[in-house]
Amino acid sequence: MIAYILREERVGGYWMSRREGRATELDARQYAALCHVHDSRWDDGARARTVEAARRDPMVADLVSRAALDTTEGWAAVRHVPAEVPPELLPADAAAAPKRIYFEITRRCNLRCHSCFNGSGLPMHDELSMAEIFDVNRQAYELGVFEIRYTGGECTTVPEFPAIVADARAKGIYVSIGTNGVYSDEQLDALPDWGVDWFIISLDGARESNDAVRGKGTYDAVMRTLARLAAIENRRVRLNMVVARHNVAAVEAVAAVCERHRVDSLNLIPLRPYGRSLARLRNDMFQQSDFYDFIREVNRLRKAFPKVTFSTTIDLLDPEEKTSHDLIVQKKTTCAAGVEACVVGPKGHVYGCSYSPASFPGSMDREGHEIFVAGNLRDDELRTIWRDSSRWAVFRDLSRYKNSKCHSCGHYQVRCSGSCQIMSWHRLKHESNEVAGPEGIAEFFDPYCFVDLLEEEESTADLGAPCGGAGMDGF
């Protein structure tokens, strides 16, 4: 069984632990040291010498110890994925391959949530066949992809779902699922046998606020699922909550659910005007000041629930916060879309983010589709699509597509990934009276960003006051 992946990058590499669901970045020297240990794994004398040399680096020494890389048996669980091309031919503005693939294996769903960003419900015409789905697993394996997150729709409605997961696990891929957690009794009984490493389950509030958005009875169904998962050893669970005016008061109730069911993290996603939310919840979106107040509340809840990791976008109030709590994607320069991760849609389209126009291949926004879709697996291999940065310009060419205000902001690439190109495109096409093309994306600023409110507070704060102004927020 593959437990670890050692993957080469343009510079250095990554060490991926399936057991932890964690990718560790290696510099060129660290990657070379592990390669030397790997190459000498069958010769006891050579291995002992290279292990001793490699242990001079504390990080490498820790990896050697935890994975028993000083033994032949330890290396039997490691898969080395060197680049099959010279490193200089790998992308200079992205990972050598996706670290994570969000794989929408269907748009079929057993719910009709008001906040659904891609309007799931019925399967799309001509969705990928089972053979094509298994081929995506194959391509991910060959590229050394660390994680596949099966989503939808509701991925568990696909009858062959357990076989799809088993195939990915056999290839050493870390398996997570984005799911609504509303399962039949038979599915609940089968949960321990699915082989899923990480469950990301949607919950949008306490019973009343959740069921108003996701459907009557869904809260209780998720509670049954969480109780079942809590009884499974070595399971990892996160709750996703789409937050807006209608349910912001229920964030604490969801945090309490996390604590009660030993859920390790809560991802708070501000409502975006995509998919079904455009018709059902558009007026519930936060204004800038609303989002500012929401982040204040998040910081309060971090203290009240210390065992729960809270993550959200544009988290500027805590100087200790960082761009990513994710154990695989780092968001060092921007969000992971098209740089560290990609989406494979149910018809084979490959794109950076599910919120983009790429999620709607039949929409009238043909220009948006052209900008955000990088290719289709029915036409090209994932390797070809990923390594062609011209296909991913909207996510990788940050000088062209990231708002200029971000580049001069002290929070950018420290605790914030910067403006969202997809949100900018939406505002450009739906809220602007001007006719403009993709070059206008960088002109629109994320409406949730409240850095200017911070600047206003700092400029008016009584700096002599013991608890005054922005000081209350940790600045």
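Our structure's up above, just so we're on the same page.
Residues numbered from 1 in each chain as written. Predicted model: local features only at pLDDT ≥ 70, side-chain atom pairs only at ≥ 80, totals over all residues. Heavy atoms only, no water.

## Regarding the overall build of the chain
Put simply, the test is: Secondary structure elements are defined from DSSP: runs of H or I of at least 4 residues count as helices, runs of E of at least 2 residues count as strands, and each element is numbered from the N terminus. We compute the radius of gyration over the C-alpha atoms and compare it with the globule rule, which gives 2.2 Å times the number of residues raised to the power 0.38. Here's how the labels work: a residue is buried when its accessible area is under 20% of the maximum for its type, exposed when over 50%, partly exposed in between, all with a 1.4 Å probe on protein chains only. Any two residues having at least one pair of non-hydrogen atoms within 4.5 Å are treated as being in contact. Working definition of accessibility: Shrake-Rupley area with a 1.4 Å probe, residue cover restricted to the visible protein chains. Only four residue types enter the tally: Lys and Arg on the positive side, Asp and Glu on the negative side; His and the chain ends are excluded. By convention, the charge on Lys lies at NZ, on Arg at CZ, on Asp at CG and on Glu at CD.
The number of helices and strands found in the chain is 19 helices and 14 strands. For a compact globule of 475 residues, the expected C-alpha radius of gyration is about 23 Å, and the chain comes in at 23 Å, within 12% of that figure. The principal-axis extents of the C-alpha atoms in the chain amount to approximately 65 × 60 × 50 Å. Across the 475 residues of the chain, 57% fall into the buried class. Sequence separation of at least 24 residues holds for 68% of the intrachain contacts in the chain that already meet a minimum separation of 6. Accessible surface, the chain as shown: approximately 20,200 Å² in total, 50% of it carbon and sulfur. Considering the chain, the positive charge centre built from 58 side chains and the negative charge centre built from 69 side chains are found 3 Å apart.

## Some remarks on the environment of H80
Operational definition: What qualifies as a polar contact is a pair of N or O atoms within 3.5 Å, subject to a donor-acceptor requirement within protein and to the restriction that residues adjacent in sequence count only when both atoms come from side chains.
As for its placement among the helices and strands, H80 is situated in strand 4 (residues 78-81). In the structure, H80 is positioned 218 residues away from V298 in sequence and 40 Å away in space, judged by C-alpha atoms. If we ignore the near neighbours within four places in the chain, the residues touching H80 are L6, Y31, C35 and H38. In this structure the side chain of H80 is engaged in a polar contact, spanning 2.9 Å, whose partner is the side chain of Y31.

## So, the side chain of S265
With respect to the helices and strands, S265 occurs in strand 10 (residues 265-270). Here S265 falls in the buried class, since its relative accessible area comes to 9%. A distance of 3.0 Å separates the side chain of S265 from the side chain of D264, its partner in a polar contact. With residues near it in sequence (within four places) discarded, S265 still touches V237, R238, L239, C258, V308 and T309.

## Remarks on the pattern of salt bridges
Filter applied, for reference: A pairing counts as a salt bridge when a side-chain nitrogen of Lys or Arg comes within 4 Å of a carboxyl oxygen of Asp or Glu.
With the rule as written, the count across this model stands at 35 salt bridges. In this structure, the salt-bridge partner of E147 is R100, at a minimum N-O distance of 2.7 Å. Remark: R100 occurs in strand 5 (residues 100-104) and E147 occurs in strand 6 (residues 147-151); sequence separation between them is 47 residues. By relative accessible area, R100 is classed as buried at 1%. Residue R302 pairs with D315 through a salt bridge whose shortest N-O separation is 2.5 Å. Here the residue R302 occupies a position in helix 12 (residues 288-304), and D315 occupies one in the loop between strand 11 (309-312) and strand 12 (341-344), the gap between them amounting to 13 residues. Residues R302 and D315 agree in their burial class; the two are buried. One salt-bridge network, held together by shared partners, links E84, D135, R138, E142, E381, R383 and R387.

## Considering the side chain of T151
Looking at the secondary structure, you find T151 in strand 6. When neighbours within four sequence positions are excluded, T151 is seen to be in contact with F103, E104, I105, T106 and G178.

## What to know about the sheet that holds strand 1 (residues 4-8)
The test is simple: Whether two strands pair depends on DSSP finding at least two bridges between them. As a rule, the C-alpha atoms of each element are fitted with a line to give its axis, helices using only the stretch in contact, and angles between N-to-C directions run from 0 to 180 degrees.
Taken together, 4 strands build an open sheet; the order of strands is 3-2-1-4 and the sheet is mixed. Strand pairing shows two members of the sheet lacking a second neighbour, strand 3 (22-26) and strand 4, which therefore form its edges. On average, adjacent strands in this sheet sit at an angle of 15 degrees to one another, irrespective of strand direction. Strands in contact with helix 3 (residues 58-66) are strand 1, strand 2 (13-17) and strand 3; relative to strand 3, the strand with the most contacts, it is inclined by about 140 degrees.

## Details of unusual backbone geometry
Cis peptide bonds are those with omega within 30 degrees of zero, and the linkage from G152 to G153 qualifies with 20 degrees. You can see G153 is positioned in the loop between strand 6 and helix 6 (161-170). Positive phi, close to 65 degrees, is recorded for D126, a residue that is not glycine. Along the chain, the position of D126 falls in the loop between strand 5 and helix 5 (130-143). Unlike most non-glycine residues, Q413 shows phi in positive territory, near 65 degrees.

## Describing the nonpolar core
Test applied: Throughout this description, the term nonpolar core refers to a set of buried Ala, Val, Leu, Ile, Met, Phe, Trp, Tyr and Cys residues connected via side-chain atoms within 4.5 Å.
Counting 107 residues, the largest nonpolar core has F103, Y150, F161, F199, L239, L266 and F450 as the members making the most contacts within it. Sort the elements by how many residues they give to this core and helix 12 lands first, with 6 residues. F103 has contacts with L128, I133, V136, N137, I148, R149, Y150, T151 and V344, leaving out every residue within four places of it along the chain. If you look at the next biggest cluster of nonpolar residues, it comprises 20 residues, including L6, V51, V64 and W75.

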